[in-house]
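Observations on chain architecture
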Amino acid sequence: MKRVLFFFLLVIPFIGQAQNKKKEKSTKYTITGSVSGYEDGTSVSFLDDQTGQPIKQTEIKKGKFIITGKVKEPTFKVIVFGDQPPVIPFFLENNSIKISGTKDSITQLVISGSQSQNEYAEYVQLIEPYLVLFKNNALHNPALVEGFEEAAKTFITKNPASYVSPIAIIQLMQVSTKLTLAQELFSLITPEVQKSELANYVHHVIEEELINGIGIEIQNFSQQDANDSIVNITSFRGKYVLIDFWASWCGPCRQENSNVVAAYKKFQSKNFTIVGISLDSYKKGWLDAVKMDGLNWTQLSDLKGWQNEVAKMFKIRSIPQNILIDPKGRIIAKNLRGSDLINKLAQILN
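To keep things clear, this report deals only with the structure shown in the data block. Every value quoted in this text rests on a predicted model; they were computed, and no experiment measured them.

**A look at the overall build of the protein chain**
- Each helix and strand counted, the protein chain has 11 helices and 16 strands in total.
- Expressed as a percentage of the 350 residues in the protein chain, the buried residues total 49%.
- When contacts within the protein chain are restricted to residue pairs at least 6 apart in sequence, long-range pairs at least 24 apart make up 66% of them.
- Surface exposure of the protein chain reaches about 17200 Å², of which carbon and sulfur atoms provide 50%.
- Separation between the mean location of the 39 positive side-chain charges and that of the 34 negative ones in the protein chain comes to 1 Å.

**Some points on the packing of aromatic side chains**
- With the rule as written, the count across this model stands at 11 aromatic pairs.
- Here F46 and F90 contribute two aromatic rings whose centre-to-centre distance is 6.2 Å and whose plane-to-plane angle is 50°, an arrangement assigned as tilted. Of this pair, F46 sits in strand β3 (residues 43-47) while F90 sits in strand β7 (residues 84-92), and the two are 44 residues apart along the sequence. Considered together, F46 and F90 belong to a single accessibility category, that of buried residues.
- An aromatic cluster is defined as three or more aromatic residues linked by ring pairs; in this entry it consists of Y38, F65 and F81.

**Brief notes about empty space enclosed by the protein**
- Summed over all chains, the structure comprises 2 cavities of 30 Å³ or more.
- Quantified by volume, the second largest cavity comes out at close to 30 Å³.
- As for the second largest cavity, its lining consists of D244, W246, C253, E256, N257, V260 and P320.
- At the level of elements, β12 (240-246) and α8 (251-267) are the ones that each hand at least two residues to the lining of the second largest cavity.
- In terms of residue count, α8 provides more of the lining of the second largest cavity than any other element does, 4 residues in total.
- Here the residues of the lining of the second largest cavity sort into 4 nonpolar, 1 polar and 2 charged.

**A word on the state of the cysteines**
- All told, the structure shown has 1 disulfide when counted by the stated rule.
- Between the sulfur atoms of C250 and its disulfide partner C253 the distance amounts to 2.3 Å. The disulfide joining C250 to C253 has a torsion of about 75° about its S-S bond and is therefore right-handed. This pair shows no difference in class: C250 is buried, exactly as C253 is.

Conventions used here
- Residues numbered from 1 in each chain as written.
- Predicted model: local features only at pLDDT ≥ 70, side-chain atom pairs only at ≥ 80, totals over all residues.
- Heavy atoms only, no water.
- Helix = DSSP H or I, 4+ residues; strand = E, 2+ residues; numbered from the N terminus.
- Buried < 20%, exposed > 50% of the residue type's maximum accessible area, 1.4 Å probe, protein only.
- Contact = heavy atoms within 4.5 Å.
- Areas by Shrake-Rupley, 256 points an atom, 1.4 Å probe, with all protein chains shown as cover.
- Lys, Arg positive; Asp, Glu negative; His and termini not counted.
- Charge placed at Lys NZ, Arg CZ, Asp CG, Glu CD.
- Phe/Tyr/Trp six-rings, centres within 6.5 Å; stacked < 30°, edge-to-face > 60°.
- 1 Å grid on protein atoms, 1.4 Å probe; cavity = no way out; pocket = protein on both sides within 12 Å on 5 of 7 lines; lining within 4 Å.
- Points joined across faces, edges and corners; volume = space filled by probe spheres on them.
- Nonpolar A, V, L, I, M, F, W, Y, C, P; charged D, E, K, R; others polar.
- Disulfide = S-S within 2.5 Å.

Shown next as structure tokens:
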């Protein structure tokens, strides 16, 4: 998926300093760095948006470095020294940007010359009381979620022309189920920012959430089982159903199957079942895997691989994925793995 690293980085915002400096128009960027404590030859790299791998830009010499280039719009970047953590997220734009600090206090770098970076620092300060939400055990705190929602709304309302605003919406969608709020905030962003790469990504995520969003009633679908009989998802109304997308050739799916089997055995007597949607192309491989992994629940496939009609309906572009629906067919959780699946089912069914 585009920006694989992006969601990970957003849960560890850079909390260093940004100095105010009047923005001047420029056709390129020049980053002038003064960071002491590193040996000569230490690499200075940007992390690749797609893979998260370091892409070397230059080397430190006598505590100094210079990086030049051009971006079409202010953009979120991550810099790393010596290909070693910590990574430092910041906003890059075509201007003269200065970075200063020391190796021993690398997370407190001072970055100046970028208006977007100033706005990013303002945003991070605003959401700092709610960063605990991005830790697994705090996601169920309604007061914190509500506080974060209000903080994101405050920032975007004040900064509709900021290229940081799309990040606020992405983080909002990580902790809040209020899809209508995300849509509302996206509509506040100026047309110029809405055309940016980050905003396009946000729009794409919102469009997908409209299909697979929490609280949304799923579309009706039918597909054939192993005996070529047509099974309609509405035949499971009245039960909690885990719609599980997988394939026999998918290694991570096969590893996760043991957790899914454990959940099925534990809760099958409590108004819960599973419907497997296989993205296989060959029937024998599919059914052999079903038997080998002990998947003793309804299994469906049209044997079209990635072109599986149900997978296309739900915009499934990677597996394993799953969608948990309630007895009325409404989505109540997504992509539950390992102990998260057991815990969620226990919370609902016990």
